[in-house]
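Results of the structural survey
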Amino acid sequence: MESKNRLGYCEVCDNDVAKYCCPRCEVKTCSLSCVNIHKKELDCDGKKYKTGFKRLENFTDAEMSQDYRLMNEFIEAVGEFKMKTQRICNLSPVFRRLRYQAYQRNIRLQILPKSTLNKNNTSFFNHKINKIFWRIDWTFHGTDVKYITHKVPEYQKINNIVRDYFTTEFHDDETKEKMQFYVSAGIKGVIFLMKTPYGKYYQLDSEDSILYSLRYKTILEYPEILIVLSIHKDTFSDLLYIENSTFNNNKSTTMT
C-alpha cells in the first residue's frame, strides 16, 4: 500500500492519491483534469527541462545520456544553420548542382568555397543520368596508407569499391608490409567510419551503397572514410556520432 502512495496526494485537488509527476515542474497530480489545471495555472508545458540544474549527488547515468544527446542536437543544429546560410553566390555552378542534388537525396553536404578541401573536391552530378559521382578518401587506421578514389558512382557498394585494397597484388612492396593485418582480416574483419564535420564518426555498413550510406548524414565536401580493424573497434566507441531524426523528418523521401 505504501508503494502506491509514494507520490503522496494530488497537489492540485488535494483529495486523491497522486498518479503522475510533471517532468518539468514535478507537481504531483491525480488525473488528466488536474494535469490540465496545473499546466494552465503554472503556465507549464509539461516538457522536461533539458538544461535545468542538477546537483552532483542526484546526477545519474540517465541525466548524462540526456546531456550527451542534447549536445549532439546543438552540434547538428549549428551545422544545419551553417549549411542553410552558406552563400550560394560563392559556389560554382558545378557545386551548386551537387549540393542541391545531395539535399534531394537527404544528404547534408557542406561546401567551403576557396578552401583546400574544396579545391580537391572532384565530386560532381551528372544530369544526363541523374547520378552523383563522389571523390572518396580511404585511410587505414594505424598506418600512413591512404587511397583516393574519384568518380565513384553513388549506386556502388562500399565493399566493391575497396575490395582490391585487401589483396596483396594491389600494393607495392613497401605498402604490402603496412597492410598485412588488413589483408589478413579482409573486408569482414574491419569497420568503416566516415568522418563528420563535428570530430566524430558515422559507422557505415560495407554492404550498403554509397547513396544509402550517406543518407541523413552531414559531409564536409566529400566522404572521408577511416577503415579500422574490428579488434580496435572499442577505441572509437566514444567517437561514434549519435544521430537524431531532425533531418529525417524534414526530408522523408529518398531518391532511388
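Residues numbered from 1 in each chain as written. Predicted model: local features only at pLDDT ≥ 70, side-chain atom pairs only at ≥ 80, totals over all residues. Heavy atoms only, no water.

Moving on, we come to the overall build of the chain. For the chain, the helix and strand inventory stands at 9 helices and 10 strands. Looking at the 256 residues of the chain, the share that counts as buried comes to 39%. Taking the intrachain contacts of the chain between residues at least 6 apart in sequence as the baseline, contacts between residues at least 24 apart amount to 56%. When the accessible surface of the chain is split by element, carbon and sulfur atoms take 51% of a total near 15,800 Å². (Helix = DSSP H or I, 4+ residues; strand = E, 2+ residues; numbered from the N terminus. Buried < 20%, exposed > 50% of the residue type's maximum accessible area, 1.4 Å probe, protein only. Contact = heavy atoms within 4.5 Å. Areas by Shrake-Rupley, 256 points an atom, 1.4 Å probe, with all protein chains shown as cover.)

Okay, unusual backbone geometry next. Residues other than glycine seldom take positive phi values, yet D14 does so here, at roughly 60°. Assignment of secondary structure puts D14 in the segment before strand 1 (20–21). Positive phi, normally seen in glycine, also occurs at N106, with a value near 65°. Residue placement: N106 occurs in the loop between helix 3 (93–104) and strand 3 (108–110). Classification of N106 by relative accessible area gives buried; the value is 0%.

This paragraph deals with the pairing of strand 10 (residues 224–229). Most of strand 10 sits inside the fold, with 5 of its 6 residues counted as buried. Relative to strand 10, strand 5 (residues 131–140) runs parallel, the two being bridged by 4 bridges. Within strand 10, the residue paired with D137 across the bridge is E224. Direction of pairing for strand 7 (residues 190–195) relative to strand 10: antiparallel, over a ladder of 5 bridges. By the bridge assignment, V190 is partnered in strand 10 with L229. (Pairing = 2+ DSSP bridges.)

For the structure on display, the rule yields 7 salt bridges. A salt bridge links K146 to D137; its shortest N-O distance comes to 3.4 Å. We classify K146 as partly exposed; its relative accessible area is 46%. With relative accessibility at 2%, the residue D137 sits in the buried group. Between D173 and K176 there is a salt bridge, with the nearest N and O atoms lying 3.9 Å from each other. Highlighted residues: D173 and K176, both in helix 6 (residues 173–178), separated by 3 residues, approximately one helical turn. Overall, the relative accessible area of 64% leaves D173 in the exposed class. (Salt bridge = Lys/Arg side-chain N within 4 Å of Asp/Glu carboxyl O.)

Attention shifts here to the confidence of the model for the chain. Of all residues in the chain, 80% attain a pLDDT of 70 or more, and the chain-wide mean is 83. Here helix 9 (residues 246–250) is the element of the chain with the lowest mean pLDDT, 45, and strand 5 is the one with the highest, 97. Low confidence marks residues 244–256, where pLDDT is under 50. Its contacts with residues over four positions away, or in another chain, come to 25 contacts. (pLDDT = per-residue confidence, 0-100.)

We now examine the nonpolar core. By size, the foremost hydrophobic cluster in this structure holds 37 residues, and its most contacted members are W134, W138, F140, F166 and F192. Where this core is concerned, the elements lending two or more residues are helix 3, strand 5, strand 6 (146–153), helix 5 (158–162), strand 7, strand 8 (201–204), helix 8 (210–214) and strand 10. For this core, the element with the highest residue contribution is strand 5, accounting for 5 residues. Setting aside chain neighbours within four positions, we find F140 in contact with V145, Y147, Y165, F166, M179, Y182, L226 and I227. Core analysis: the next-biggest nonpolar cluster, separate from the first, contains 6 residues, I191, Y201, V228 and F236 among them. (Core = buried A, V, L, I, M, F, W, Y, C linked by side-chain atoms within 4.5 Å.)

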